[in-house]
Amino acid sequence: MWRVRRAAVACEVCQSLVKHSPGTKGSLPLQKLHLVSRSIYHTHHPTLKLQRPQLRTSLQQFSSLTSLPLRRLKLSPVKYAYQPHRNFWPARLAARLLKLRYLILGSAVGGGYTAKKTFDQWKDMIPDLSDYKWIVPDIVWEIDEYIDLEKIRKALPNSEDLAKLAPDFDKIAESLSLLKDFFTTGSPGETAFRATDPGSESDKRYRKVSDKEKIDQLQEELLHTQLKYQRILERLEKENKELRKLVLQKDDKGIHHRKLKKSLIDMYSEVLDVLSDYDASYNTQDHLPRVVVVGDQSAGKTSVLEMIAQARIFPRGSGEMMTRSPVKVTLSEGPHHVALFKDSSREFDLTKEEDLAALRHEIELRMRKNVKEGCTVSPETISLNVKGPGLQRMVLVDLPGVINTVTSGMAPDTKETIFSISKAYMQNPNAIILCIQDGSVDAERSIVTDLVSQMDPHGRRTIFVLTKVDLAEKNVTSPSRIQQIIEGKLFPMKALGYFAVVTGKGNSSESIEAIRDYEEEFFQNSKLLKTSMLKAHQVTTRNLSLAVSDCFWKMVRESVEQQADSFKATRFNLETEWKNNYPRLRELDRNELFEKAKNEILDEVISLSQVTPKHWEEILQQSLWERVSTHVIENIYLPAAQTMNSGTFNTTVDIKLKQWTDKQLPNKAVEVAWETLQEEFSRFMTEPKGKEHDDIFDKLKEAVKEESIKRHKWNDFAEDSLRVIQHNALEDRSISDKQQWDAAIYFMEEALQARLKDTENAIENMVGPDWKKRWLYWKNRTQEQCVHNETKNELEKMLKCNEEHPAYLASDEITTVRKNLESRGVEVDPSLIKDTWHQVYRRHFLKTALNHCNLCRRGFYYYQRHFVDSELECNDVVLFWRIQRMLAITANTLRQQLTNTEVRRLEKNVKEVLEDFAEDSEKKVKLLTGKRVQLAEDLKKVREIQEKLDAFIEALHQEK
């Protein structure tokens, strides 16, 4: 009963407060009532509404109500009036303590809500690691069969429970400040008024100050919380990196016996590598995404790439252009941090400094090799794969830095070439442009921003990166200028995102870990974050790497299927064109055609060994005689024959043959043999094979033939051995039988008749056409030919008078001929008489020699008797027999060298030339040309790209 009465009394007190409070309006919440009233459970008035007193209410009323004792209510239930003159300090103390409890409880609730909100924000910022699901062992996904994870999850406290446990220290500090105000000096009524009345002027001033401080404290707390979660995220990523490394190493050792498929990024990189070699007019090779890194020279492009790749892999120079050609870097995950080139199997361990130095040196060598003579940069791409645990999967292309002025040592067109290379990569509608801007220099000096604005005016695929922010913050007088750059207000360029990074202190020997620590320390203490000029997700290369990777894969997923469809249509068009133009031919690309031509060439070289010895010797003997016949007739036979003495003839012949053999003959024979081998080789390679002949190989075969012949050299020892054989053959004068004698006479007649024919042609050209040709073909003689004709006629008269005239004219004879011609009105010069005499006497002598051959046909009997008791002398027949025998022996010796040595050496040279051509793609493109080759080449490339794209798309869907 006493509890009911107590509650009733308390309710009546509250009601009396409402009824007797003048000037009140509005409703007073329950928590604004006196502490005593709030401590009583109002069972009879659950919806009680009280009026809040205005500021004009007297202090005496509130102070008397505040001093109301609890014990008096129990002892005097009848009297409920105010007692202003009594001071109930126990009740006042209890009221203070009760208010402190509610303040602390309210602060805890508010702090828990703030912590929960912060936790949810950071939870959303943590990247989605589902892309790495493929690398986790299968046993991890089957762990729920052995452990009830749902039960464990339910047993753990959720984020709301954890947030409730975390107090808000700001509110606790505020509550302590209020508690301090309760016990400050002053009247009790004034103290109570400050504590309970939120509308007082002093409380308003306090609130203004506390709100500003609270905002600053909240910003500081948010910054520290972000950095805290950033460090937690880095620690988790580091642990995840180590775990993945262990998992990949175990998979490499075959512990789980699970076949690792080729990673998505590796498959995608192969597609891009194939596209880089695809040179057709369809322009589809530029529509697949890749991250294009552009920037001014020395803006820090290479440093940003190295931070993303987590290794110093690029050559460096102080102010010098180091990136001379595009470098395509494919980043992917792997158990070891290694790098390797597309066309090489060597792996560079990026954890070892000597391997890093070797890698930088190799990249520099490849760049200089790509740059042609007279140029500074090259558009040819160097493909590099970098693997390691924790690397973000993407494909980046580092381009040469954009320059404003061509300096000494550069080609005049360097600036335009760099612009054209950059535009070629950036005009790809699916390329992600990573625009690097140096923050330590004036923004107005930047060139690349205008170029990027032209290529991507709406900024739908551009990510802006401000480097060297530490130098910018230190040197820039207006920090808001950095904010304008980051927000894109200072440039006309638009971008998807803006980032600020620090790439070290400028020391090339700094490690990646040291640069990362320096970057984190800088942004932790930077005013740019504390003053909210930069957001936490806009700083550090780690956040940049995550953002670029997400953007890259988003672009890949959006465009890869469209590109695959485009290549399907291209393939259909090419196949249709091939069927219409070459229905009976296989689709052989350039490499396949080269292999086919290579086999044909090797078969033709082998066919040289199948040439019969008789054919070789006939060709060699005939070719050698054609080469030496002029020397034999003009320098050996005619001078000796014109001596008119057999002894002198033989002596002259022996001397001249000895000189000829020692100096010229062996070399001439080797040259003839080598030319004969070339001719036969050319004949086998170029002669048509009937319907099977394919003229598409003609240029290639001709180039292989020329290069092989150029490289082939005859054995140096062949001349020495051949000289001895030829000398012995020419010294022999014994003709063994009549058959050899007749063969020598036949050989002599052929040689002399050939010379006589040449001489008659020379005389005809000298004197002009005879009377038959003049009548039949209406030709006339020139004045000079008429003079020659008159001189010829005069010399022939002289020979008729003396048929045994010597080979040279005497001076008086020349004078006589000239005077005779002058008497007929023909003016001649003595040199003209000598030239005409040479041809006239030569014809006369050759005719005489041929008549002598006919006489010697029956002279073999006299030869066996050494022409004893005979006026017939056939020394000239013996000479031609010696020449003929020397030719036969030389041809036989050269044939043996050809078949035993030189053909095999030529075959070896041909193989070497073909191997060199096989490695030289430019040579193959130059030698195997035509519409048929290009069509087959395009068709193969398109099929290969389509197949790789289909496999990539299938793997991409499986990963989803």
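Residues numbered from 1 in each chain as written. Predicted model: local features only at pLDDT ≥ 70, side-chain atom pairs only at ≥ 80, totals over all residues. Heavy atoms only, no water.

- Where an unreviewed UniProt entry is consulted, the protein chain appears under the name OPA1 mitochondrial dynamin like GTPase, with the organism given as Ovis aries.

**Regarding the overall build of the protein chain**
Phase 1 of the analysis: The number of helices and strands found in the protein chain is 36 helices and 9 strands.
Phase 2 of the analysis: Relative to its 960 residues, the protein chain shows a buried fraction of 44%.
Phase 3 of the analysis: Of all intrachain contacts in the protein chain linking residues separated by at least 6 positions in sequence, the fraction that spans at least 24 positions is 80%.
Phase 4 of the analysis: Looking at the protein chain as shown, the accessible area adds up to about 53,800 Å², and 51% of this sits on carbon and sulfur atoms. (Helix = DSSP H or I, 4+ residues; strand = E, 2+ residues; numbered from the N terminus. Buried < 20%, exposed > 50% of the residue type's maximum accessible area, 1.4 Å probe, protein only. Contact = heavy atoms within 4.5 Å. Areas by Shrake-Rupley, 256 points an atom, 1.4 Å probe, with all protein chains shown as cover.)

**A closer look at the pairing of strand S2 (residues 327-332)**
Phase 1 of the analysis: A large share of S2 lies buried, amounting to 6 of its 6 residues.
Phase 2 of the analysis: Burial of the side chains of S2 extends over both faces: Val-327, Val-329 and Leu-331 are buried on one face and Lys-328, Thr-330 and Ser-332 on the other.
Phase 3 of the analysis: As paired elements, S2 and strand S5 (residues 382-387) share 6 bridges and run parallel to each other. In the strand pairing of S5, Val-327 is matched with Ile-382.
Phase 4 of the analysis: Sheet topology places S2 next to strand S6 (residues 394-398); 5 bridges connect them, and they run antiparallel. In the sheet register, Val-329 faces S6, and the bridge partner there is Leu-396. (Pairing = 2+ DSSP bridges.)

**Description of the pattern of salt bridges**
Phase 1 of the analysis: Using the criterion set out here, one finds 40 salt bridges in the structure.
Phase 2 of the analysis: Notably, a salt bridge pairs Lys-701 with Glu-604, separated by 3.1 Å at the nearest N-O pair. One end of the pair, Lys-701, is in helix H26 (residues 698-711); the other, Glu-604, is in helix H22 (residues 590-608), with 97 residues separating them in the sequence. Across the pair, Glu-604 and Lys-701 agree in class, each one buried.
Phase 3 of the analysis: Put simply, Lys-738 and Asp-742 hold a salt bridge, and the shortest N to O gap is 2.7 Å. Taken together, the positions of Lys-738 and Asp-742, both in helix H28 (residues 738-767) and 4 residues apart, correspond to about one turn of that helix.
Phase 4 of the analysis: For Asp-742, a relative accessible area of 32% translates into the label partly exposed.
Phase 5 of the analysis: The network of salt bridges with shared partners includes Arg-571, Glu-575, Glu-587 and Arg-943. (Salt bridge = Lys/Arg side-chain N within 4 Å of Asp/Glu carboxyl O.)

**Observations regarding the side chain of Arg-366**
Phase 1 of the analysis: Mapped onto the elements, Arg-366 comes out in helix H14 (residues 353-370).
Phase 2 of the analysis: Classification of Arg-366 by relative accessible area gives buried; the value is 19%.
Phase 3 of the analysis: When residues no more than four places from it in sequence are discounted, the contact partners of Arg-366 are Phe-341, Asp-343, Ser-344 and Ile-382.

**Some words on helix H16 (residues 448-455)**
Phase 1 of the analysis: Among all positions of H16, only Val-448, Thr-449, Leu-451, Val-452 and Ser-453 are buried.
Phase 2 of the analysis: Looking at the buried side of H16, the elements it contacts are strand S1 (291-295), helix H15 (414-426), strand S7 (432-438) and strand S8 (462-467).

**Concerning a negative patch on the surface**
Phase 1 of the analysis: The grouping of Glu-380, Glu-912, Glu-915, Glu-919, Asp-920 and Glu-922 at the surface amounts to a negative patch.
Phase 2 of the analysis: Here the negative patch gets 3 residues from one element, more than from any other, and that element is helix H34 (residues 875-919).
Phase 3 of the analysis: For Glu-919, the location among the structural elements is in helix H34.
Phase 4 of the analysis: The exposed category is assigned to Glu-919, whose relative accessible area is 70%. (Patch = residues over 30% accessible without salt bridge, like charges linked within 9 Å, V, L, I, M, F, W, Y side chains within 5 Å. Lys, Arg positive; Asp, Glu negative; His and termini not counted. Charge placed at Lys NZ, Arg CZ, Asp CG, Glu CD.)

**Quick word on the sheet that holds S1**
Phase 1 of the analysis: The 9 strands lie next to each other as S4-S3-S5-S2-S6-S1-S7-S8-S9, forming an open sheet whose pairing is mixed. The open sheet has two edge strands with one neighbour each: strand S4 (348-349) and strand S9 (497-500).
Phase 2 of the analysis: Sheet topology note: the S1/S7 ladder contains 5 bridges and is parallel. Paired with Gly-295 across the strands is Ile-436, a residue of S7.
Phase 3 of the analysis: Along the sheet, H14 makes contact with S2, strand S3 (338-341), S4 and S5, crossing S5 at roughly 160°. (Axes fitted to C-alpha atoms, helices over the stretch in contact; angles between N-to-C directions.)

**Section: the nonpolar core**
Phase 1 of the analysis: Of all hydrophobic cores here, the largest spans 102 residues; its most connected members are Trp-625, Tyr-637, Trp-660, Trp-741, Ile-883 and Val-910.
Phase 2 of the analysis: By residue number, the principal contributor to this core is H34, which donates 17 residues.
Phase 3 of the analysis: Excluding anything up to four places from it in sequence, Trp-660 contacts Val-628, His-631, Val-632, Ile-636, Leu-665, Pro-666, Ile-883 and Met-886.
Phase 4 of the analysis: With 67 residues, the next largest nonpolar core counts Phe-341, Met-367, Leu-434 and Leu-574 among its residues. (Core = buried A, V, L, I, M, F, W, Y, C linked by side-chain atoms within 4.5 Å.)

**With respect to the packing of aromatic side chains**
Phase 1 of the analysis: Overall, the coordinates contain 17 aromatic pairs when judged by the stated rule.
Phase 2 of the analysis: With centroids separated by 6.0 Å and ring planes inclined at 55°, the aromatic side chains of Phe-464 and Tyr-498 adopt a geometry described as tilted. One end of the pair, Phe-464, is in strand S8; the other, Tyr-498, is in strand S9, with 34 residues separating them in the sequence.
Phase 3 of the analysis: The buried category is assigned to Phe-464, whose relative accessible area is 0%.
Phase 4 of the analysis: For Tyr-498, a relative accessible area of 15% corresponds to the buried category.
Phase 5 of the analysis: Arranged with centres 5.1 Å apart and planes meeting at 70°, the rings of Phe-522 and Phe-523 form a pair that is edge-to-face.
Phase 6 of the analysis: You can call Phe-523 buried: its relative accessible area is 2%. (Phe/Tyr/Trp six-rings, centres within 6.5 Å; stacked < 30°, edge-to-face > 60°.)

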